[in-house]
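# Structural overview for review
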Amino acid sequence: MNVIVCSGIIAPEKDIYLILSRALGGKTGRAESGWDIGVTTVNLSTSSTLWDTLKIPTTLSVIEFHRDEVRELPPSAKVMAWSSKTGVEMFMSGDHMMGIQGHPEYTKDILLNLIDRLLDRNLIQDSHAETAKASVEATEPSREAWRKLCRSFLKGRLVL
């Protein structure tokens, strides 16, 4: 059985992506660069030929909503994607576990609602919220490419 986890799908404070990393022997913690909120471009590892078989670009946009990160990969894991702000956006451990830092399952409306919640609780400044909202307006997430990637992995067609 293949498993994909994203950052805190149900409860952002219970980050399954980070729990998976720690359970496999990785190290996690607060991101030194702070919150990563908005639509971000991630770079898929060019050392892998996996993306050629899927016919997807090597850069994808994804909705981000996190302030923690994987600092050290589990021994069995490989970095599959990174961004300018986060060194491990996606990792695979063997052929059966994949962790994704961002949220390919989120819509823009979900993200805008979460930004407003952070503002209401004084967890981010107005300027940070404005920047995040601007990225939402400026960039479309690569939802179809993420769907293709995740489905291929779950069906066992995406192996290291």
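These lines cover the structure that appears in this document, whether it is placed above or below. The shown structure was predicted, so the numbers you read here are calculated from the model rather than taken from an experiment. (Residues numbered from 1 in each chain as written. Predicted model: local features only at pLDDT ≥ 70, side-chain atom pairs only at ≥ 80, totals over all residues. Heavy atoms only, no water.)

### Details of the overall build of the protein
What the protein contains, in helices and strands, is five helices and eight strands. Each helix and strand of the protein, placed in order from N terminus to C terminus, yields the pattern β-α-β-β-α-β-β-β-β-β-α-α-α. Counting over 160 residues, the protein shows a buried share of 48%. Within the protein, contacts between residues at least 6 apart in sequence are counted, and of these 71% link residues at least 24 apart. Accessible surface computed for the protein: about 8300 Å², of which carbon and sulfur atoms make up 51%. (Helix = DSSP H or I, 4+ residues; strand = E, 2+ residues; numbered from the N terminus. Buried < 20%, exposed > 50% of the residue type's maximum accessible area, 1.4 Å probe, protein only. Contact = heavy atoms within 4.5 Å. Areas by Shrake-Rupley, 256 points an atom, 1.4 Å probe, with all protein chains shown as cover.)

### Digging into the packing of aromatic side chains
According to the stated counting rule, one finds two aromatic pairs in the structure shown. Taking the centre distance of 5.5 Å and the plane angle of 45° together, the rings of tryptophan 35 and phenylalanine 65 count as tilted. Residue tryptophan 35 is located in the loop between strand E2 (27–30) and strand E3 (36–44), and its partner phenylalanine 65 is located in strand E4 (residues 59–66); the two are separated by 30 residues in the primary sequence. (Phe/Tyr/Trp six-rings, centres within 6.5 Å; stacked < 30°, edge-to-face > 60°.)

### Quick notes on unusual backbone geometry
A positive phi is found at lysine 55, a non-glycine position, where the angle reads about 55°. For lysine 55, the location among the structural elements is in the loop between helix H2 (50–54) and E4. Here lysine 55 falls in the exposed class, since its relative accessible area comes to 70%. Unusually for a residue other than glycine, asparagine 122 sits at a positive phi of about 55°. Inspection of the secondary structure puts asparagine 122 in the loop between helix H3 (108–120) and helix H4 (126–138).

### Digging into the nonpolar core
By size, the foremost hydrophobic cluster in this structure holds 20 residues, and its most contacted members are Trp51, Met90 and Leu149. Where this core is concerned, the elements lending two or more residues are E3, H2, E4, strand E6 (77–82), strand E7 (90–93), strand E8 (97–100) and helix H5 (143–154). Formed by 14 residues, the second largest nonpolar core is a distinct cluster that contains Ile63, Leu114, Leu118 and Ala129. (Core = buried A, V, L, I, M, F, W, Y, C linked by side-chain atoms within 4.5 Å.)

### A closer look at the environment of alanine 132
Along the chain, alanine 132 falls in helix H4. Looking at alanine 132, the relative accessible area reads 1%, which means it is buried. Not counting chain neighbours up to four residues away, the residues in contact with alanine 132 comprise Ile37, Gly38 and Ile115.

Purely geometric stuff here, so don't read any function into it on its own.
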